[in-house]
Amino acid sequence: MTILQLKYIIAIDEECSMRKAADRLYVSQPGLSSAVRDLENELGIQIFERVHNGVVTTAAGASFIAYARSAVEQFEKVEDKYLNSKNDKPTFSVSMQHYTIAVNAFIDTIKEIEHPEYQFSIRETQTSEVIEDVKTLKSEVGVIALSDFNKNTFKKIFADASLEFTELFTRNTYLYLSKHHPLADREIISLKELEDYPCMVFDQGDNTSFYYREEALATYDYKKVISTNERATSIELMLGLNGYAVGAAMLGDSLNTSEIKAIKLEEEENLTFGYITRKGAELSEMAQAFVEKLKVHS
């Protein structure tokens, strides 16, 4: 199996046609077909099914192509970094759960970059994808919070994925709610008192297990729950529905958080904030700078 073969099948999948893929790749159609047959024989699966007007990717083929895309992306990153002498732009990517601490650290890191060109990325996403991004080198650093409930489970998940978790700090539980919420004047609130209001949680996709929840008190029996996939939507729902979220009193100054306040929650569970990296990996200069900024914001 070669990178070139992987690039071939990705192009065929995108074009749904051997002829169009061959034209795009500047290779002969018979040569392309031969390369695909060789790969299918080596893998023992049928990647494409030939139809009258082109090709259709099989279920087995689609699964394999997903891995192929990841492999090609990583190869191209290595190729770009080490083989393309004309490109000396610094690169860095980080994945994170929905916490402003990582965004603020990312901003501060970029502000100190003096290079005229760079290529950075930040991904705010689900817990499992933060782990997968770092595992597959899509991101160099992943910012994540562990609760008392899931800490031991995730330490095993990290170990199995050859990842290391570095702890930064621990915070106790607070509520986020609108400054105009009927209970906003309280100094401390219990979850029992909030039963009539919807609780905002971040959607974790196919990982419905409580262990993947990034909020504390994940196993509490909330009567009303609304799942969202971004902070801005969650805040708008809190303002519009008198909803609330369980957090760690780290709102930051972005979005419309000026209308949100943090109040101590009677029920307690610690959230431990930190970051994950590949085990034994030497962090780049950018990653080291980002980690230092995370420590400052803690």
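Described below are features of the structure shown in this document. Quick caveat: nothing in here was measured; it's all calculated off a predicted structure.

1. What about the pattern of salt bridges?
- Tallied over the entire structure, the rule returns 17 salt bridges.
- Across the pair K156 and D160 runs a salt bridge, and its minimum N-O distance is 3.0 Å. Taken together, the residues span about one helical turn, with K156 and D160 both in helix α7 (residues 151-160) at a distance of four residues. Side by side, K156 and D160 carry an identical accessibility label, which is exposed.
- One salt bridge in this structure joins E292 and K295, with 3.3 Å as the shortest N-O distance. One end of the pair is E292 and the other is K295, both in helix α9 (residues 285-297) and three residues apart, which spans about a single turn.
- Judged by relative accessible area, which is 44%, E292 ranks as partly exposed.
- Ionic contacts of the salt-bridge type, sharing partners, join the residues D13, E14, E15, R24 and R69 into one network.

2. Looking at the packing of helix α2 (residues 18-25) against helix α3 (residues 29-43)
- Following both chains from N to C, one finds α2 and α3 inclined at 105 degrees, their axes separated by 9 Å at the closest point. Between α2 and α3, the crossing angle belongs to the class labelled roughly perpendicular. Within the contact between the two elements, α2 uses M18, R19, A21, A22 and L25 and α3 uses Q29, L32, S33 and V36.
- A breakdown of the residues in the contact of α2 with α3 according to their chemical character gives six nonpolar, two polar and one charged.

3. Details of the sheet that holds strand β3 (residues 91-96)
- As summarised here, the arrangement of the five strands in space is β4-β3-β5-β13-β6, forming an open sheet in which the pairing is mixed. One side of each edge strand has no neighbouring strand; the edge strands of this open sheet are β4 (119-124) and β6 (163-171). Averaged over all adjacent pairs, the angle separating strand axes in this sheet is 20 degrees, with direction ignored.
- Sitting on the sheet, helix α5 (residues 100-111) is in contact with β3, β4, β5 (141-147) and β6, with an inclination near 170 degrees to β4.

4. Things to note about unusual backbone geometry
- Even without being a glycine, C16 presents a positive backbone phi close to 55 degrees.
- Tracing the sequence through the fold places C16 in the loop between α1 (3-15) and α2.
- Under the relative-accessibility criterion, C16 is labelled partly exposed at 42%.
- Phi at S162 is positive, roughly 60 degrees, even though this residue is not glycine.
- Note that S162 resides in the loop between α7 and β6.

5. Focus on the packing of α5 against α9
- Relative to each other, α5 and α9 sit at 125 degrees, their axes nearing to 8 Å. With respect to α9, the element α5 is oriented oblique. Judged by the twist between their axes, the crossing of α5 over α9 is right-handed. Where α5 abuts α9, its residues I101, A102, N104, A105, F106, D108 and T109 lie against M286, A289, F290, K293, L294 and H297.

Cut-offs and rules
Residues numbered from 1 in each chain as written. Predicted model: local features only at pLDDT ≥ 70, side-chain atom pairs only at ≥ 80, totals over all residues. Heavy atoms only, no water. Salt bridge = Lys/Arg side-chain N within 4 Å of Asp/Glu carboxyl O. Helix = DSSP H or I, 4+ residues; strand = E, 2+ residues; numbered from the N terminus. Buried < 20%, exposed > 50% of the residue type's maximum accessible area, 1.4 Å probe, protein only. Axes fitted to C-alpha atoms, helices over the stretch in contact; angles between N-to-C directions. Parallel < 35°, antiparallel > 145°, perpendicular 65-115°, else oblique. Contact = heavy atoms within 4.5 Å. Nonpolar A, V, L, I, M, F, W, Y, C, P; charged D, E, K, R; others polar. Pairing = 2+ DSSP bridges. Left-handed = near helix turned anticlockwise from the far one by under 90°.

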